[in-house]
Amino acid sequence: MTDDFDLDQLTNAMHGASPAPDDAKRDANIALSEQNFEKLHAARQGSSDAARLIPDRPEKLGFIAGVRNMLKSLSTKSALAATTSIATLGLALFVVLPNVNMQDLRTAQKSDPQPVAITQDIKSDEGTAIAHAEVTEELLPESAPVIEIAPEAAIGGLMIASDQMASSPPVARSSGAISGYTEIPSPVQPDIMPTPEANTESFANEEPHALKITSEEPVSTFSIDVDTASYAIVRSSLTQGYLPQPGAVRAEEMINYFPYDYTPPMDDLPFASTVTVTPTPWNDGTQLVHIAIQGDMPAIDDRPPLNLVFLIDTSGSMNNPDKLPLLVQSFRLMLSELRPEDSVAIITYAGSAGQVLAPTPASERATILNALTNLRAGGSTAGQAGLQQAYQVAEGMTEDGEISRVILATDGDFNVGLSSPEALKTYIADKRESGTYLSVLGFGRGNLDDATMQALAQNGNGTASYIDTLQEAQKVLVDQMSGALFPIANDVKIQVEFNPTEIAEYRLIGYETRSLRREDFNNDTVDAGEIGAGHSVTAIYEVTPVGSDAVLNDPLRYGAETTAPNSDELGFLRLRYKNPGEDTSNLIETPITATTTTASTDVNFAVSIAGFAQLLQGTDYLGSWDYDQAIALANANKGEDNFGYRAQAVTLMRLAQSLSQN
C-alpha cells in the first residue's frame with residue numbers, strides 16, 4: 001500500500017466516504033498494537049511483570065478514569081487548575097483516526113464509564129468499525145511530550161488531528177511548529193496554588209481625642225513626639241494602591257514629618273516655642289491654636305564622638321527586597337555621615353544573637369560595608385537576646401562625654417523572648433538609665449508590628465521611623481541624622497490650661513498615644529519624648545470660643561462659675577524638659593493670647609496635613625471639608641520645598657482622594 005493510496009483514503013474518509021473493510025489488516029494492526037503496548041509497559045515498569053499496585057490504589061485505574069475521579073474531588077476552580085497543569089506537564093493523549101465522525105466520537109467518549117480502562121470502537125457513519133483504542137495510564141511513557149493541536153479538533157481530553165495524515169506516527173516534540181498543527185499556548189500554573197502570606201500588621205494607636213469641655217477638664221498634658229513612622233507607612237499604603245488603616249494614621253507624626261522654619265531659640269535655651277492662633281479652615285466657628293517648638297542646631301564639629309550599635313533583625317521574615325536588602329543600602333548611606341572618631345558595631349539576631357562586627361572606627365568603612373553586605377536572613381526572631389547583647393556592647397564602647405545609641409532595624413516581628421510591648425517597655429526603661437538611647441527603623445510590610453516599635457522607641461529615649469524607600473533612608477539617616485542621634489532636651493512635656501471664660505471646648509489633634517495625666521507634668525520620674533538637634537515639633541488644638549455657634553455641648557445647669565485672672569488669655573502654655581544627663585526638669589511658661597495673627601506658610605501647611613490625617617481617619621469634626629480643600633491649602637503653602645516633601649504630600653492627597661471614591 002503506497003503513501004498516495006493512504007492519503008487518498010484519508011481524503012475520502014474526511015469527505016464522508018467509507019473505505020472498504022479489510023479484516024486481515026484490522027487483525028494485524030490490533031496484534032501490532034498489543035505488541036507495542038507490552039513493550040511500552042515493560043519499559044515503564046522495568047520488567048515484563050504486570051503493573052504493580054499500591055496500598056491506596058488496589059485497582060489499576062486507567063488514565064482517563066483517574067482524571068475523572070480526581071475532578072470529582074475538586075471544585076470547579078481547582079479542576080480547571082488541575083487540567084491546565086496536566087496539559088502543561090505533557091500528559092496528553094494523541095490519537096490519529098481516519099474517517100472520524102465527530103458526533104460518534106462525542107458519543108463514544110461518554111459511552112463507557114468503567115474506572116479501570118476505556119476501550120472504544122470508533123465507527124463510520126455506516127457503522128463500520130474503523131479504529132480500536134484502549135487507554136490506560138501506562139500507555140504513554142512519563143517523558144512523552146505534548147503536541148498541541150487546533151482547538152476545533154480537540155474534544156474534551158481526547159485530541160484528534162484531522163488536518164493532515166501521515167503514514168508514520170507523528171514525531172513528538174516539545175517546541176517549534178508542526179506542519180498542519182496549531183500550537184495553543186496555555187498558562188503555566190502549579191497544581192496547588194501557594195497560599196498568600198497572612199497580613200499580621202498591628203498598629204499602636206488610640207481613638208482620636210474626643211472634644212473636651214473646658215469648664216470640666218481645662219488642662220491637657222502630653223509628651224512630645226518627633227517620630228515620623230506613620231507618615232511613611234501612610235505613603236507606602238497609598239502608593240501601593242490602598243487606603244491605610246485608620247489605626248496606622250497618627251496625626252502628629254504626619255505633621256512632624258516635614259521640616260519647618262520656626263523661630264530658633266535664644267538665650268542658650270535648647271529650644272524656642274511659638275504660638276499662633278488662626279481660623280480653622282474646616283469650621284468657621286472654631287480656631288486653631290498652633291504650638292511650634294524649634295530645637296537648637298549646634299555646630300556639627302562641636303558634637304562628641306558617637307558610638308553606634310546596629311542591631312539588625314536577620315530572621316526569616318526579613319527575607320524580602322524591601323527589608324534586609326533595603327536595610328543594608330540604608331546603612332551604607334549613613335556611614336558617609338560619620339566622622340573618623342565615631343565607631344560602629346553590628347549585632348544580628350535570628351534564632352540566636354551574635355556579634356557580626358566588633359566595635360570598629362568609622363574610618364574603616366570597607367570593613368563595616370563588608371560585614372553589612374554579607375548579612376543573610378533566616379530563622380526565628382530572638383529579639384530579647386539581640387537587645388541584651390546590643391546594650392552590653394554599647395555600654396562597653398562608651399567613654400566619658402561620648403554618646404552611644406543602639407539602632408534597631410527590624411520589621412517589628414519579635415516572636416522569641418520578650419515579645420509583648422509591655423515586657424519590652426519594662427526592659428528598655430531599665431536600660432535607658434545607662435545613658436544608651438535606642439532608635440528603631442522599621443522595614444517592610446505584611447507583618448509590621450507598630451506596637452512593638454513604638455514601645456521600644458518611646459521607652460528607649462529614641463525615635464521610630466519607617467523606611468520604605470532609599471529616598472526615605474536619605475532623609476532619616478543623612479539629612480536628619482543629627483536630630484535623630486544627638487539629643488538636646490530629654491523628657492519634654494507640654495501642658496496647656498485653657499481659660500473657660502474664653503474657650504468653651506477644645507480637642508488636641510493627634511498625640512493619642514502620648515497622653516499624660518495632669519500630675520505627670522511635674523513628676524520628673526515620668527518619661528517623655530526627646531528633642532534632637534534641629535528638630536521641630538508641632539502641636540495643634542482646635543478650640544471653640546465661648547458663645548460660638550460651633551459649641552457642641554450644652555452648659556451645665558449647676559456648673560460652677562470660674563473667673564480667669566486675665567480674660568485676654570485663651571490659655572497658658574507650660575513646657576518641661578531636662579538637659580541631657582540631668583535628672584531635674586526645667587520649666588518654660590508662655591501665655592496664649594487672644595490675638596489672631598496671620599498664619600505663616602509653615603503654619604498653614606501643617607494645618608493642611610492635620611486635615612489630611614483626619615480625612616484618612618474618618619473623623620466627624622471636619623464637616624463638609626474634603627480632599628479638594630486640603631489639596632488647595634497644601635498647594636498654596638508649599639513654600640520653597642527644597643527636597644519636594646510637600647509636593648509629594650499633595651500627590652498622596654490626590655491618591656487618597658481617588659482611592660476613597662472607589
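See above for the structure.
A brief structural summary. (Residues numbered from 1 in each chain as written. Predicted model: local features only at pLDDT ≥ 70, side-chain atom pairs only at ≥ 80, totals over all residues. Heavy atoms only, no water.)

Looking at the pattern of salt bridges
Alright, step 1. Evaluation of the coordinates by the stated rule reveals 19 salt bridges.
Alright, step 2. The closest approach of N and O atoms between R339 and E341, which form a salt bridge, is 3.1 Å.
Alright, step 3. A residue is classified by how much of its surface remains accessible, and R339, at 16% relative accessible area, is buried.
Alright, step 4. Here E341 falls in the partly exposed class, since its relative accessible area comes to 44%.
Alright, step 5. Between E519 and R517 there is a salt bridge; the shortest N-O distance is 3.8 Å. The residues E519 and R517 share a single accessibility class, namely exposed.
Alright, step 6. If you follow the salt bridges from partner to partner, you end up with D225, D227 and R514 in one network. (Salt bridge = Lys/Arg side-chain N within 4 Å of Asp/Glu carboxyl O. Buried < 20%, exposed > 50% of the residue type's maximum accessible area, 1.4 Å probe, protein only.)

Quick word on the sheet that holds strand β8 (residues 271-280)
Alright, step 1. Spatial strand order, β6-β17-β19-β9-β8: five strands in an open sheet with antiparallel pairing. A single partner strand is all that each edge strand has here, and the edge strands are β6 (212-213) and β8.
Alright, step 2. In the packing of helix α15 (residues 601-617) onto the sheet, contacts are made with β8, β9 (283-295), β17 (503-509) and β19 (536-545), and the angle to β19 comes to roughly 75°. (Pairing = 2+ DSSP bridges. Helix = DSSP H or I, 4+ residues; strand = E, 2+ residues; numbered from the N terminus. Contact = heavy atoms within 4.5 Å. Axes fitted to C-alpha atoms, helices over the stretch in contact; angles between N-to-C directions.)

Here we look at helix α8 (residues 324-335)
Along an α-helix, residues three or four apart share an orientation, since each turn contains 3.6 residues.
Alright, step 1. Counted at 1.5 Å a residue, the expected span for α8 with its twelve residues is 16 Å, and the 17 Å between its end C-alpha atoms agrees.
Alright, step 2. Buried residues of α8: L324, L326, L327, V328, S330, F331, M334 and L335, and no others. (Expected span 1.5 Å × (residues − 1).)

Considering the packing of aromatic side chains
Alright, step 1. With the rule as written, the count across this model stands at 16 aromatic pairs.
Alright, step 2. Aromatic pair F222 and Y511: ring centres 4.6 Å apart, planes at 45°, arrangement tilted. In this pair, F222 sits in strand β7 (residues 219-223) while Y511 sits in the loop between β17 and β18 (529-532), placing the two residues 289 residues apart along the sequence. For the residue pair F222 and Y511, the accessibility class agrees, reading buried in each case.
Alright, step 3. Residues Y260 and Y262 carry aromatic rings whose centres are separated by 5.2 Å and whose planes lie at 10° to one another, so their mutual orientation is stacked. Per residue, the accessibility class of Y260 equals that of Y262, and both read buried.
Alright, step 4. These aromatic residues form a ring-pair network of at least three members: Y231, Y257, F258, F605, F643 and Y645.
Alright, step 5. Its guanidinium or amino end placed over the ring of Y257, K475 lies 3.9 Å from that ring's centre, counting from NZ or CZ.
Alright, step 6. The aromatic ring of F605 is capped on one face by R646, whose charged end is 4.6 Å from the ring centroid. (Phe/Tyr/Trp six-rings, centres within 6.5 Å; stacked < 30°, edge-to-face > 60°. Lys NZ or Arg CZ within 6 Å of the ring centre and 35° of its normal.)

Side note on the sheet that holds strand β12 (residues 353-361)
Alright, step 1. With respect to topology, six strands assemble into an open sheet ordered β12-β11-β10-β13-β14-β15, the strand pairing being mixed. The open sheet has two free edges, formed respectively by β12 and β15 (464-467), since each of these has just one partner strand. Ignoring strand direction, the axes of neighbouring strands in this sheet form an average angle of 20°.
Alright, step 2. Pairing between strand β11 (residues 343-349) and β12: six bridges, direction antiparallel. Looking at the pairing, S343 lines up with P361 of β12.
Alright, step 3. Across the sheet, α8 touches β10 (306-313), β11, β13 (403-410), β14 (437-443) and β15, and the angle it forms with β10 is around 170°.

Describing the environment of G396
Alright, step 1. Following the sequence through the fold, G396 ends up in helix α10 (residues 383-397).
Alright, step 2. Placed 37 residues apart in sequence, G396 and P359 show a C-alpha to C-alpha distance of 9.3 Å.

Let's talk about the packing of α8 against helix α9 (residues 365-373)
Alright, step 1. Here α8 crosses α9 at 170°, and the two axes come no closer than 10 Å. Put simply, α8 runs roughly antiparallel to α9. For the pair α8 and α9, contact is made by V328, F331, R332 and L335 and by R365, I368, L369, L372 and T373, respectively. (Parallel < 35°, antiparallel > 145°, perpendicular 65-115°, else oblique.)

Remarks on the packing of α15 against helix α16 (residues 627-635)
Alright, step 1. At their nearest, the axes of α15 and α16 sit 8 Å apart, and the two run at 155° to each other. Here α15 lies roughly antiparallel to α16, going by the angle between them. Along this stretch, α15 crosses α16, giving a crossing that reads as left-handed. Residues N604, F605, V607, S608, F612, L615 and L616 of α15 lie in contact with α16, whose contacting residues are Y627, A630, L633 and A634. (Left-handed = near helix turned anticlockwise from the far one by under 90°.)

With respect to unusual backbone geometry
Alright, step 1. Despite not being glycine, N461 has its phi angle at roughly 55°, a positive value.
Alright, step 2. Turning to its location among the elements, N461 is positioned in the loop between α12 (450-459) and β15.
Alright, step 3. At Y511, a position not held by glycine, the phi torsion is positive, near 65°.
Alright, step 4. By relative accessible area, Y511 is classed as buried at 0%.

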